[in-house]
Amino acid sequence: MFERARGLILRYNPGQFTFRNFAMTASDEQLYNLANLLNDFQECEVEEVLKVRTFEF
């Protein structure tokens, strides 16, 4: 089993945005910082940031 892809979900009330296919070398801290930078362009404050990992068996 190996990790195939990474993504982010930014959840708002209501709605969410999904971003996919980030570099495998991106750290959790870098992804979180990116989520905060993306949120700066939104009118609402992000309520939840989720990291999505896709695996292949």
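Each remark here, short or long, concerns the structure printed above.
One structure accompanies this document, and this report is about it. If you're wondering where the values come from, they're calculated on a predicted model, not measured in any experiment.

### Considering the overall build of the protein chain
1) Next: A count of helical and extended segments in the protein chain gives one helix and three strands.
2) Next: Across the protein chain, helices and strands are ordered from the amino to the carboxyl terminus as β-β-α-β.
3) Next: In terms of its C-alpha atoms, the protein chain occupies a principal-axis envelope of roughly 40 × 20 × 15 Å.
4) Next: Within the protein chain, the proportion of its 57 residues that are buried is 23%.
5) Next: Here the contacts in the protein chain between residues at least 6 apart in sequence split such that 58% fall between residues at least 24 apart.
6) Next: Carbon and sulfur atoms provide 51% of the accessible area of the protein chain, an area that totals close to 4,500 Å².
7) Next: Once the 6 positive and 9 negative side-chain charges of the protein chain are each reduced to a mean point, those two points are 11 Å apart.

### Some words on the environment of F2
1) Next: Structurally, F2 can be placed in strand 1 (residues 2-11).
2) Next: On the basis of relative accessibility, which here comes to 43%, the residue F2 falls in the partly exposed class.
3) Next: Between the C-alpha atoms of F2 and V46, which are 44 residues apart in sequence, the distance is 30 Å.
4) Next: Discounting chain neighbours no more than four positions away, the residues touching F2 are T54, F55 and E56.

### Some thoughts on the pattern of salt bridges
1) Next: If you walk through the whole model with that rule in mind, you get five salt bridges.
2) Next: Where R4 meets E56, a salt bridge forms, and the shortest distance between an N and an O atom there is 3.0 Å. Of this pair, R4 sits in strand 1 while E56 is found in strand 3 (residues 48-56), placing the two residues 52 residues apart along the sequence.
3) Next: Among the residues examined, E56 registers a relative accessible area of 32% and is labelled partly exposed.

### Considerations on the packing of aromatic side chains
For any pair of aromatic rings, geometry is given as the distance between the ring centres together with the angle between the planes.
1) Next: Per the stated rule, a full pass over the model turns up one aromatic pair.
2) Next: Seen in terms of ring centroids, Y12 and F17 are 5.9 Å apart; in terms of plane orientation they differ by 80°. Their pairing is edge-to-face.
3) Next: Under the relative-accessibility criterion, F17 is labelled partly exposed at 40%.

Calculation notes
Residues numbered from 1 in each chain as written. Predicted model: local features only at pLDDT ≥ 70, side-chain atom pairs only at ≥ 80, totals over all residues. Heavy atoms only, no water. Helix = DSSP H or I, 4+ residues; strand = E, 2+ residues; numbered from the N terminus. Buried < 20%, exposed > 50% of the residue type's maximum accessible area, 1.4 Å probe, protein only. Contact = heavy atoms within 4.5 Å. Areas by Shrake-Rupley, 256 points an atom, 1.4 Å probe, with all protein chains shown as cover. Lys, Arg positive; Asp, Glu negative; His and termini not counted. Charge placed at Lys NZ, Arg CZ, Asp CG, Glu CD. Salt bridge = Lys/Arg side-chain N within 4 Å of Asp/Glu carboxyl O. Phe/Tyr/Trp six-rings, centres within 6.5 Å; stacked < 30°, edge-to-face > 60°.

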